[in-house]
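Each chain, written out:
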Amino acid sequence: MRLLLAALLLGCPATGELSGDDDDAADDDDTADDDDSSDDDDSNDDDDSNDDDDSAVRTVGLMLHEDGAWPGYTLFAPMQSTTTWLIDNDGLVVHTWTSDVTPGLSAYLLEGGQLLRTANPGQGPSFPLQAGGAGGRVDLLDWDGDLLFSHEVFSADERQHHDVEPMPGGTVLIIAWERKTEAEALAAGRDPALIADGELWSEMLLEVATSGPAAGQVVWQWHLWDHLVQDFDPMLPGYGDPAEFPERVDINFARNGNDDWQHINSVAFRADRQEVVLSSHHNSEVWVIDHALSTADAAGPAGDLLYRWGNAQASGLGDPSDQRLFVQHDARWIPEGSPGAGNLLVFNNGGGRPEGDVSSVLELTPPLDYVRIDGDAWGGTVVSEWFGDPPESFFAQRISGAQRLPNGNTLICDGPAGTFFELTDDGQRVWEYVSPVGPQGPVDQGERPVNSQGFWSNPVFRATRYAGDGPELTGRDLVPLGTVEGP
């Protein structure tokens, strides 16, 4: 089957080129209410389509489904919606879950059809840190939408944000900000010029049990604050040349003086090596840490970075010409059973690239056991890097992600444009879907999801494909229920 969009007629995004709402190309405002754009014209649309739909022009929903697409079901939680959708490859809804609040920001299917979903309790001056990607709660729902577990990380001193990772054994890893006062930041060697509002928000990982007697308890944790280096004040702890301690994070390497210092935006676990990979947006780096440690050991040198890659300037071991990642998202290991297993797949947003704002999807093989030569940055082999054709035709300024599928295809989420597309290993597009969900909910076919200013607005943090015969969906009723969009 082949469905293709005649989108240029309405200026509807089909490849994900959506920007213009922020003059700082490297700024990652992962929020749902400012997805404004003055540029809705995406150049890879094809208005010479064989459109088997009754409507003359399709604006949302399924745009393309060709032979070679990996069969499965795609989960997405639109950033402006309280509903999470599961659709088949024909763009038909097979299941939904409803929450009381919008996501904050990720959602995952678990074994038995359970939904693990982050939630954003709210924004406003009375709430903790107002920054892109803010959440505050993690919910676990069964297939019928009944709440099995809920846990808040939402106070004056801490807040869940962006992503979580379901772990073997019924726990979940949660990314959270933790507040440091100005006095604490200065005592750690932070340059006073880099403290804007009398506080600094660092990062931590909290592993929380979701069931059993320990449900809701933190069973493991890691704090970035325990792994710092600074060359600002020799009288303070952690003093040293950052280039001599690349396993530690320079507290004064900062993209700006914002309270949200690192803006970690993804977390993923590799069970066979007991390692966690994090994506530091503001450092433009991916970090690997050891999870096979006690919490006490994780607070010491053993909990320092095992590996870092993407921007050697951040460790003092490179210059701008060495930078390969640019405000990236969604660093994850390619799973067993998929081509490239064990490599890292990263959505490289590309804001601030010297050659221009261009997004790509990068596959990286880290060095064996993260071996590093003293005086050099950690290496890594870029196996492949997919760009649009031409490269400038594809730019997703913020959010977004990529998933390697078992047949070797890659599912890409262009987050700002709410567009998911599947590429073969030679870059052919075989499936594409545009989320119909805007600020007021799903729109009808032929309409455009727009915000109050009239700009295209249907952001999705990430989309994930699941096999129908996998542990998440085996035995579930997957009868199509119609489309997300209206007629």
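Residues numbered from 1 in each chain as written. Predicted model: local features only at pLDDT ≥ 70, side-chain atom pairs only at ≥ 80, totals over all residues. Heavy atoms only, no water.

Here we look at empty space enclosed by the protein
Stated precisely, the cut-off is as follows: Note on definitions: the grid is 1 Å and covers protein atoms alone; a cavity is a set of points where a 1.4 Å probe fits but cannot get out; a pocket is an open set with protein on both sides within 12 Å along at least five of seven lines; lining residues have an atom within 4 Å of a point. Grid points are joined across faces, edges and corners, and a volume is the space filled by probe spheres set on the points. Working definition: helices are DSSP H or I runs of at least four residues, strands are E runs of at least two. Numbering for both runs from the N terminus. The residue classification treats Ala, Val, Leu, Ile, Met, Phe, Trp, Tyr, Cys and Pro as nonpolar and Asp, Glu, Lys and Arg as charged. All others, Gly included, are polar.
Counted under the stated rule, the structure contains four cavities of 30 Å³ or more. The space that makes up the largest cavity amounts to roughly 80 Å³. Residue lining of the largest cavity: Leu 75, Phe 76, Ala 77, Leu 105, Ser 106, Ala 107, Phe 461, Arg 462, Ala 463 and Thr 464, and that is the complete set. Those elements that place two or more of their residues in the lining of the largest cavity are strand E2 (73–78) and strand E29 (460–466). Residue classes in the lining of the largest cavity are distributed as seven nonpolar, two polar and one charged.

Quick word on the sheet that holds strand E10 (residues 171–181)
The line we're drawing: Two strands make a pair as long as DSSP finds a minimum of two bridges between them. A fitted line through C-alpha atoms serves as each axis, taken over the contacting stretch for helices, and the angle formed by two N-to-C directions is quoted from 0 to 180°.
Strand order in the open sheet formed by four strands is E9-E10-E11-E12, and the pairing between neighbours is antiparallel. Among the strands making up the open sheet, the edge pair consists of strand E9 (158–167) and strand E12 (218–223). With strand direction ignored, the average angle separating the axes of adjacent strands in the sheet is 25°. Examined bridge by bridge, strand E11 (residues 199–209) and E12 share five bridges and lie antiparallel to one another. The partner of Met 204 across the bridge, within E12, is His 223.

With respect to the side chain of Gln 328
Here is the rule we go by: Relative accessible area decides the class of each residue, using a 1.4 Å probe on protein chains only: under 20% of the type maximum gives buried, over 50% gives exposed, and in between gives partly exposed. Note on contacts: a residue pair qualifies if any of its non-hydrogen atoms lie within 4.5 Å across the two residues.
Looking at where Gln 328 falls in the secondary structure, it is placed in the loop between strand E18 (307–309) and strand E19 (329–333). Of the residues examined, Gln 328 reaches a relative accessible area of 0% and is grouped as buried. Once you skip the residues sitting within four places of it in the chain, Gln 328 turns out to touch Asn 265, Ser 279, Ser 280, His 281, Ser 284, Glu 285, Val 286, Val 346, Phe 347, Asn 348 and Asn 349.

Observations regarding the packing of aromatic side chains
Pairs of aromatic rings are described using the distance from one ring centre to the other and the angle between the two planes. Cut-off, in case you're wondering: For this analysis, a ring pair means two rings from Phe, Tyr or Trp (six-membered ring only for Trp) whose centres lie within 6.5 Å, classed as stacked if their planes differ by under 30 degrees, edge-to-face if by over 60, and tilted for the remaining angles.
Under the counting rule described, the total for this entry stands at twelve aromatic pairs. Relative to Trp 85, the ring of Phe 76 has its centre 6.1 Å away and its plane inclined at 20°; by these criteria the two rings are stacked. Exposure remark for Phe 76: the relative accessible area of 1% places this residue in the buried category. Aromatic pair Phe 420 and Tyr 433: ring centres 5.9 Å apart, planes at 20°, arrangement stacked.

Here's the deal with the environment of Pro 442
Assignment of secondary structure puts Pro 442 in strand E28 (residues 441–442). C-alpha of Pro 442 to C-alpha of Val 484: the two residues are 42 residues apart in sequence and 6.5 Å apart in space.

A look at the pattern of salt bridges
As a reminder, the rule being used: Just to be clear on terms, a salt bridge is a Lys or Arg side-chain nitrogen sitting within 4 Å of an Asp or Glu carboxyl oxygen.
Within the structure shown, the criterion is met by 19 salt bridges. Linking Glu 275 and Arg 273 is a salt bridge whose minimum nitrogen-to-oxygen distance equals 3.2 Å. Residue classification places Glu 275 among the buried residues on the basis of a relative accessible area of 6%. Here Asp 330 and Arg 332 are joined by a salt bridge, their closest N and O atoms 2.8 Å apart. Pair check on accessibility: Asp 330 and Arg 332 agree, each one buried. Counted as one network, the salt bridges with shared partners bring together Asp 163, Asp 330, Arg 332 and Arg 462.

Some thoughts on the sheet that holds strand E20 (residues 344–348)
Strand order in the open sheet formed by four strands is E19-E20-E21-E22, and the pairing between neighbours is antiparallel. Strand pairing shows two members of the sheet lacking a second neighbour, E19 and strand E22 (381–387), which therefore form its edges. Averaged over all adjacent pairs, the angle separating strand axes in this sheet is 15°, with direction ignored. Here six bridges tie strand E21 (residues 360–365) to E22, and the two strands are oriented antiparallel to one another. Across the sheet, residue Leu 362 finds its bridge partner in E22, namely Glu 385.

Some details on the nonpolar core
Soluble, globular proteins show a tendency: their nonpolar side chains are buried together. Rules: Think of a nonpolar core as a cluster: buried Ala, Val, Leu, Ile, Met, Phe, Trp, Tyr and Cys residues, connected wherever their side-chain atoms sit within 4.5 Å.
With 28 residues, the main nonpolar core has Leu 75, Leu 86, Trp 97 and Leu 473 as its most contacted residues. Those elements that place two or more of their residues in this core are E2, strand E4 (93–98), strand E5 (107–110), strand E6 (114–119), strand E7 (137–141), E10 and E11. When residues in this core are grouped by element, the largest group, four residues, is from E5. Those residues in contact with Leu 86 that sit more than four places away from it in its chain are Tyr 73, Thr 74, Leu 75, Leu 92, Val 93, Val 94, His 95, Trp 97, Leu 109, Trp 143, Leu 473 and Leu 478. Ile 251, Val 267, Trp 287 and Ala 298 belong to the second largest nonpolar core, which has 26 residues in total.

Quick word on the side chain of Gln 80
Selection criterion: Polar contact is defined as a pair of N or O atoms within 3.5 Å, subject to the rule that within protein one atom must be able to donate a hydrogen and the other to accept it, and that residues adjacent in sequence are counted only when both atoms are side-chain atoms.
Along the polypeptide, Gln 80 turns up in the loop between E2 and strand E3 (83–88). The exposure class assigned to Gln 80 is buried, which follows from its relative accessible area of 16%. For Gln 80, the side chain forms a polar contact with the side chain of Ser 457, separated by 3.1 Å.

Description of the layout of surface pockets
Of the voids in this model, the largest pocket is the one considered here, and its volume is about 1,200 Å³. Every residue lining the largest pocket is counted, 41 residues in all, and those nearest its centre are Glu 165, Phe 269, Pro 335, Tyr 466 and Glu 472. Here the lining of the largest pocket is built from residues that sort into 21 nonpolar, eight polar and twelve charged.

With respect to the pairing of strand E24 (residues 410–414)
When you tally the buried positions in E24, you get five out of five residues, the bulk of the element. Side chains of E24 alternate between two faces, with Thr 410, Ile 412 and Asp 414 and Leu 411 and Cys 413 buried alike. As judged from the four bridges shared by strand E23 (residues 401–404) and E24, these two strands associate in the antiparallel manner. Bridge pairing in E24 places Gln 403 opposite Leu 411. The hairpin turn running from E23 into E24, its antiparallel successor, is five residues long, and Gly 408 in that turn takes a positive phi close to 95°. Sheet topology note: the E24/strand E25 (residues 419–423) ladder contains five bridges and is antiparallel. Bridge pairing in E25 links Asp 414 to Thr 419. A loop of four residues connects E24 with E25, the two strands running antiparallel in sequence, and Gly 418 in this loop sits at a positive phi of about 55°.

These results come straight from atomic positions and should not be treated as a statement about function.
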